[in-house]
Amino acid sequence: MPIKVKNKGLVTSIQDMGRPGYFHLGIPIGGAMDRYSLRAANMLVGNDEGAAGLEAVFMGPELEFTEDAIIAVTGGELPPKIDGEVKETWTTISIKAGQILSFDYIRHGARAYIAIAGGIDTPQSLGSRSTYEIGTLGGIDGRAIESGDELPIGSAQKAVSEGTSVPSALRRAPGSPAELRVLPGLYWHRITDTAGEKFFQETWKVASEADRMGYRFKGGSPLEFVERKQPFSAGSDPSNITDAPYAYGSIQVPSGTEPIVLHRDAVSGGGFFTLGTVISADMDLIGQLQPNIETRFVKVNMETALSARKERSIMLDNIRQAIA
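Residues numbered from 1 in each chain as written. Predicted model: local features only at pLDDT ≥ 70, side-chain atom pairs only at ≥ 80, totals over all residues. Heavy atoms only, no water.

**Q** An account of the packing of helix α1 (residues 35-44) against helix α4 (residues 302-323) is needed here, citing residue identities and associated values.
**A** α4 packs onto α1 with a crossing angle of 15° between their chain directions and a minimal axis gap of 10 Å. Classified by the angle their axes make, α1 and α4 are roughly parallel. Regarding α1 and α4, the two cross each other, and that crossing is right-handed. Packed against α1, whose contacting residues are Y36, R39, A40, M43 and L44, the element α4 presents R312, M315, L316, I319, R320 and I323 at the interface. A class-by-class count of the residues in the contact of α1 with α4 yields 8 nonpolar, no polar and 3 charged. (Axes fitted to C-alpha atoms, helices over the stretch in contact; angles between N-to-C directions. Helix = DSSP H or I, 4+ residues; strand = E, 2+ residues; numbered from the N terminus. Parallel < 35°, antiparallel > 145°, perpendicular 65-115°, else oblique. Left-handed = near helix turned anticlockwise from the far one by under 90°. Contact = heavy atoms within 4.5 Å. Nonpolar A, V, L, I, M, F, W, Y, C, P; charged D, E, K, R; others polar.)

Structural data, given as C-alpha cells:
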C-alpha cells in the first residue's frame, strides 16, 4: 500500500545513488546530495544501500502510512514525529498503518533522508529513481513530491529491530567552520600566486544561492587573474575559457568574485575556468551547509584525497558492522 503525502514540506524529492554513465550526454549523476546519510538510512531499515528514499530540505513532509512500516531518518538533525511524538534520528523506527509521520524544526544541517523498508518503488528513468527536475527525470513524473501524491513502496528485504542506531561517532556532519578539501585544477595557473594563497587563507560564507546544482560562497577577496590574450571563442571576462567539461565538485568562479561548487545536478561543461575540485569525501558535507555557514577551503594533494575516500569507506563499513 502507498504512503500518502499530506504535506510536501519545503522541497522533498525522491533520491537514490543517481544515474552514472550519462554525463557525456549532459545528464548529471544526480542522486542524494549527502550519499553517506542516505546509505546509512537504508542500512537501518534493511534496504539495499542504493534504494530510493526521500531527501527533505530544511522542513520535513507530512506522510500518512497506509500499512505498518519501518523507517529511519538521517542526515541533518530534523527530528521525526509519529502522531506528534518526537522520535530519534539515525535510529530504526516502527510506524503503524494510519499513523502520521511529521517533523519538528531542523536543529542543524540542511537535508534529512527518510528511508522506508522496501524503498520507494516509483518507475526508473535511465536506471535511477532520482529526481532531476531540469531534465524531468525520475521522481514523480520528473518532479519533487507534492501534497496529494501517493508513494509506492517495495517489499521489505529483511527484518530489522526497532531502536537500532548508528553510533554518534559515525554520524558525519560539517565542522565549525566547515572545511572543504580541494585539489587545485587545470586552470589554477589563471590566477596569481597571491590570489591562490588568499583563497585558501580566507573564511567564506555559504550564499543564499545554494541548491542541488551548486553552492555559491561569498565574503572572500575577488581573484586576481594573470594577464592573457583572449583565446579564440572564449568570452572577454578573465574568468572565461574556451568551453571545457566540468568534473563533479568543480569550483568555478564567474568574474573571479564568488566561488560556486558544482553539485549533483550541475551542468557537465561550460565557459568558466575552474580553480579545482572539492574531493569526493567532502561533497556530502556540502549538502548539509546552511546559508551563512562559515567555510574554509583547504588545499590538499591526491594522496590526501584518496586517503579521505578510504576513511569514509571505513566509516560505512563500521556502520554496517554496528547495525549487524
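**Q** Provide a residue-level description of unusual backbone geometry, including the pertinent values.
**A** P177 follows S176 through a cis peptide bond whose omega is 0°. Tracing the backbone through its elements, the reader meets P177 in the loop between β11 (150-151) and β12 (178-184). Even without being a glycine, W90 presents a positive backbone phi close to 55°. Positionally, W90 belongs in the loop between β7 (85-86) and β8 (93-95). On the accessibility criterion, W90 (2% relative accessible area) is buried. Phi at D141 is positive, roughly 55°, even though this residue is not glycine. Along the polypeptide, D141 turns up in the loop between β10 (108-116) and β11. (Buried < 20%, exposed > 50% of the residue type's maximum accessible area, 1.4 Å probe, protein only.)

**Q** Before we move on, can you summarise the sheet that holds strand β13 (residues 204-210) with the specific residues and values?
**A** One closed barrel holds the 7 strands; their spatial order is β12-β19-β16-β17-β14-β13-β20, and the pairing between them is mixed. In this sheet, adjacent strand axes meet at a mean angle of 40° when their direction is disregarded. Running over the sheet, helix α2 (residues 193-201) touches β12, β13, β16 (250-252), β19 (274-278) and β20 (294-299) and is turned about 130° from β20. (Pairing = 2+ DSSP bridges.)

**Q** Can you lay out the nonpolar core for me, pointing to particular residues and giving the numbers?
**A** Residues F217, I251 and F297 are the most contacted members of the largest nonpolar core, which totals 31 residues. Secondary structure elements with two or more residues in this core: β10, β12, α2, β13, β14 (214-218), β15 (240-245), β19 and α3 (280-286). Apart from the residues lying within four places of it in its own chain, the contact partners of I251 are V182, F199, P259, I260, V261, F273, T274, L275, G276, V278 and F297. Judged by nonpolar contacts, the second largest core, of 26 residues, contains V5, I82, I120 and I145. (Core = buried A, V, L, I, M, F, W, Y, C linked by side-chain atoms within 4.5 Å.)

**Q** Residue-level account of α2, with values.
**A** Taken residue by residue, α2 has A195, G196, F199 and F200 as its buried positions. The buried residues of α2 all sit within an arc of 130° when viewed along its axis, so they share a single face. Exposed side chains of α2 directed beyond 90 degrees from the buried face belong to D193 and Q201. Contacts made by the buried residues of α2 are with β12, β13, β16, β19 and β20. (Arc of directions from axis to C-beta.)

So far we have only geometry, and geometry alone does not tell us how the molecule works.
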